[in-house]
Amino acid sequence: SRMSLWCLLVTLIVWVGSRTEAGEDKTDTVSTLDTDRYSLPQDARYVLYDVNRGEGFNLRRDVHMRIAIAVKKLREKGVNAILVLPPWGGLYHWRDQKTGVRWSDLFDVPSINSFVPSIEFEEFLEVVPSPVIDRIVYLQQFSEGWNGEYVMKSEKRPCLDGDQFYEKEDGLWKGWFYGKEDVRARDLECVSFQGDADTFSDLLAKNYSTFQSIFVDRAETVLHAEYGGVEYWRARRSMRYSKQLETRAEQFITEEMKEEIDAQPLTERWQDEQATRASKGGAYVCAHWRRRDFVTSYGKTLPSIKGAAEQITELAKEYGVKKAFVATDAPKEEIEKLRKQLKITLYTFTPGPEEKLIDGASAIVEQIICSWARAFTGSHVSTFSYRIQEDREIRGFPVETTFRRMCADDVRSFPCEQPAKWKIVY
Ligand SMILES: Nc1nc2c(ncn2[C@@H]2O[C@H](COP(=O)(O)OP(=O)(O)O)[C@@H](O)[C@H]2O)c(=O)[nH]1
Ligand SMILES: *[C@@H]1O[C@H](CO)[C@@H](O)[C@H](O)[C@H]1NC(C)=O
Ligand SMILES: [Mg+2]
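Residues numbered from 1 in each chain as written. Chains lettered and ligands numbered in written order. Predicted model: local features only at pLDDT ≥ 70, side-chain atom pairs only at ≥ 80, totals over all residues. Heavy atoms only, no water.

Moving on, we come to the overall build of the protein chain. When you go through the protein chain residue by residue, the secondary structure sums to twelve helices and 13 strands. For the protein chain, whose C-alpha radius of gyration is 24 Å, the value lies close to the compact-globule estimate of 22 Å for 426 residues. Per-residue burial for the protein chain yields a buried fraction of 52% across its 426 residues. In the form shown here, the protein chain has an accessible surface area of approximately 20700 Å², with 52% of it arising from carbon and sulfur atoms. Here the protein chain contributes 60 positively and 67 negatively charged side chains, and the mean placements of these two sets differ by 4 Å. (Helix = DSSP H or I, 4+ residues; strand = E, 2+ residues; numbered from the N terminus. Rg over C-alpha atoms; globule rule 2.2 N^0.38 Å. Buried < 20%, exposed > 50% of the residue type's maximum accessible area, 1.4 Å probe, protein only. Areas by Shrake-Rupley, 256 points an atom, 1.4 Å probe, with all protein chains shown as cover. Lys, Arg positive; Asp, Glu negative; His and termini not counted. Charge placed at Lys NZ, Arg CZ, Asp CG, Glu CD.)

Written out as structure tokens, the structure reads:
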């Protein structure tokens with residue numbers, strides 16, 4: 001009948017319309033896999049990775065972007081690759097030594113998944129028949145070095161030391177798989193690698209696309225193809241924090257600091273965000289004051305406690321506010337010393353005992369609070385500070401309120417170069 005024909009037509013239009021919309025994003029999510037391109041769900045290729053054990057949380061977030069971009073490129077080459085998000089935990093800086101922390105405890109995984117199909121490690125273990133990864137690919141340097149020029153290349157080579165971190169037991173490789181004791185790998189090989197996310201996705205496409213699962217160790221070896229480029233920012237914007245942590249930061253600002261979030265709200269989807277510089281921020285400044293191992297590593301380039309207090313007070317004066325939020329890893333005694341030197345009210349974030357926020361979660365809450373401040377100053381070369389700068393770019397703050405850092409007291413001996421302005425691009 002005409003009626004049912006009409007219904008069919010409407011359904012078709014809606015269906016075609018929604019497909020075009022998905023096509024515009026140039027992304028496939030796990031739940032909406034393009035069945036024309038990928039015939040069978042068994043074709044899924046899982047890419048797992050890990051980073052050098054000593055690296056901190058915020059460098060790991062950067063490595064995630066490089067790998068996510070590479071996996072997305074691999075998909076564009078026709079491989080149905082899915083990124084397996086490496087569980088958090090056991091990091092050197094985190095006092096809680098909990099392992100196996102899900103990404104969803106810290107980030108908005110559906111949002112990440114809409115940049116490149118991504119699943120948690122736990123889900124991976126559920127979909128594969130056994131907890132045996134096909135191959136470990138251990139990235140290493142070229143033993144002969146750069147040889148004068150930097151060219152992008154990769155080559156299978158004897159292991160320099162990669163095999164020392166794994167042990168063969170009953171024919172399978174045992175090692176650190178995010179603290180999951182029963183996971184094994186069938187094979188291990190070392191690849192000398194010098195290159196970026198493009199080089200890496202070529203390598204995966206050419207040499208590893210037939211494996212159901214590979215585990216890339218020392219993934220920090222892979223560099224950014226275009227640091228600060230559009231794809232970098234797309235990956236970064238998709239890495240939204242979990243709603244729960246956003247809400248916690250908001251609650252701290254409104255209830256404890258009695259300030260408002262005077263900023264452009266984020267759109268429902270990161271894909272819909274648009275350039276703006278209209279955000280103002282609550283009436284407080286934020287400083288990321290990195291201490292502990294930084295004092296040992298970069299001591300002379302950092303301000304003294306008194307110097308930090310002076311610079312934070314000055315920043316508050318410049319912006320006409322009387323409150324400062326300080327994100328810091330400093331021990332309590334140092335925070336109290338800072339408080340005594342400050343001429344304005346100091347706020348720091350400490351989670352309540354019942355909140356059960358892991359170290360990574362409370363670090364993110366502090367980063368969000370800083371991303372909503374009237375102005376921000378960070379610590380020299382800290383990736384923790386860099387992530388705050390990016391968040392402020394995404395949230396639409398004027399550039400001059402973001403790219404600053406605290407200086408050494410003795411700026412004549414230790415000149416104070418301000419951070420590069422990595423402005424957001426869409
Ligand atoms: N809660 C909190 N933790 C911090 C802060 N600064 C540093 N940390 C801790 O120290 C780690 C710093 O390591 P990383 O993320 O690699 O940043 P970077 O070393 O400063 O480049 C973070 O992951 C946190 O665990 C801070 O302001 N607040
Ligand atoms: C990848 O495969 C090509 C041949 O297709 C080979 O020449 C090259 O050595 C391989 N690279 C690695 C790192 O295995
Ligand atoms: Mg670090």
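Attention now goes to the state of the cysteines. Per the stated rule, a full pass over the model turns up three disulfides. Sulfur-sulfur distance for the disulfide between Cys286 and Cys370 comes to 2.0 Å. As the torsion about the S-S bond is roughly 50°, the Cys286-Cys370 disulfide counts as right-handed. Taken as a pair, Cys286 in strand β10 (residues 282–289) and Cys370 in helix α11 (residues 359–371) lie far apart in primary sequence, 84 residues in all. (Disulfide = S-S within 2.5 Å.)

A few words on the packing of aromatic side chains. As enumerated under the stated definition, the model contains 24 aromatic pairs in all. Ring plane angle 35° and centroid distance 5.3 Å describe the contact between Trp103 and Phe107, whose orientation is recorded as tilted. Residue Phe107 is classed as buried on the basis of its relative accessible area of 1%. Between Phe121 and Phe124, the aromatic rings sit 6.0 Å apart at their centres with planes inclined by 20°, giving stacked as the arrangement. Of this pair, Phe121 and Phe124 both sit in helix α4 (residues 121–127), three residues apart, roughly one helical turn. Joined through ring pairs, the aromatic side chains of Tyr46, Phe121, Phe124, Tyr166, Phe177, Tyr178 and Phe215 make up one cluster. Across from the ring centre of Trp372, 4.7 Å away, lies the NZ or CZ of Arg395, which sits over that ring. (Phe/Tyr/Trp six-rings, centres within 6.5 Å; stacked < 30°, edge-to-face > 60°. Lys NZ or Arg CZ within 6 Å of the ring centre and 35° of its normal.)

Compared with the 28 Å implied by 1.5 Å per residue over 20 residues, the 29 Å span of helix α2 (residues 57–76) between its first and last C-alpha is a close match. Burial analysis of α2 places 17 of its 20 residues in the buried class, the great majority of the element. (Expected span 1.5 Å × (residues − 1).)

What follows is about the site of ligand 2. What surrounds ligand 2 is the set Glu155, Lys156, Val191, Leu203 and Asn207. Interatomic distance of 2.5 Å between a side-chain N/O atom of Asn207 and an oxygen atom of ligand 2. Relative to its unbound accessible surface of 360 Å², ligand 2 loses 49% to contact with the protein. For the shell around ligand 2, the secondary-structure elements that each account for two or more residues are β5 (153–157) and α5 (197–208). Grouping the constituent residues of the shell around ligand 2 by class yields two nonpolar, one polar and two charged. (Near = heavy atom within 4 Å. Polar contact = N/O pair within 3.5 Å; in protein donor to acceptor, adjacent residues only side chain to side chain. Nonpolar A, V, L, I, M, F, W, Y, C, P; charged D, E, K, R; others polar.)

What follows deals with the pairing of strand β1 (residues 45–49). The buried fraction of β1 amounts to five of the five residues, a majority that puts the element mostly inside the structure. Neither face of β1 is exposed, since Arg45, Val47 and Tyr49 on one face and Tyr46 and Leu48 on the opposite face are all buried. With three bridges joining them, β1 and strand β2 (residues 81–85) adopt parallel strand pairing. Note on β2: the bridge partner recorded for Val47 is Leu83. Read as a crossover between parallel neighbours, the route from β1 over α2 to β2 is right-handed. Judged from the four bridges that link them, β1 and strand β9 (residues 213–217) form a sheet pairing that is parallel. Note on β9: the bridge partner recorded for Tyr46 is Ser213. (Pairing = 2+ DSSP bridges. Right-handed = clockwise from strand over helix to strand, strands pointing away.)

Taken in spatial order, the four strands make up an open sheet running β12-β11-β10-β13, and their pairing is parallel. For this open sheet the edge positions go to β12 (345–347) and β13 (373–377), each flanked by a neighbour on one side alone. This sheet shows a mean twist of 25° between the axes of neighbouring strands, independent of strand direction. Strand direction decides the pairing type here: β10 and β13, joined by four bridges, are parallel. Counterpart to Val285 in the pairing with β13 is Ala375. Against the sheet, α11 touches β10, β11 (323–328) and β13, its axis set at about 145° to β11. (Axes fitted to C-alpha atoms, helices over the stretch in contact; angles between N-to-C directions. Contact = heavy atoms within 4.5 Å.)

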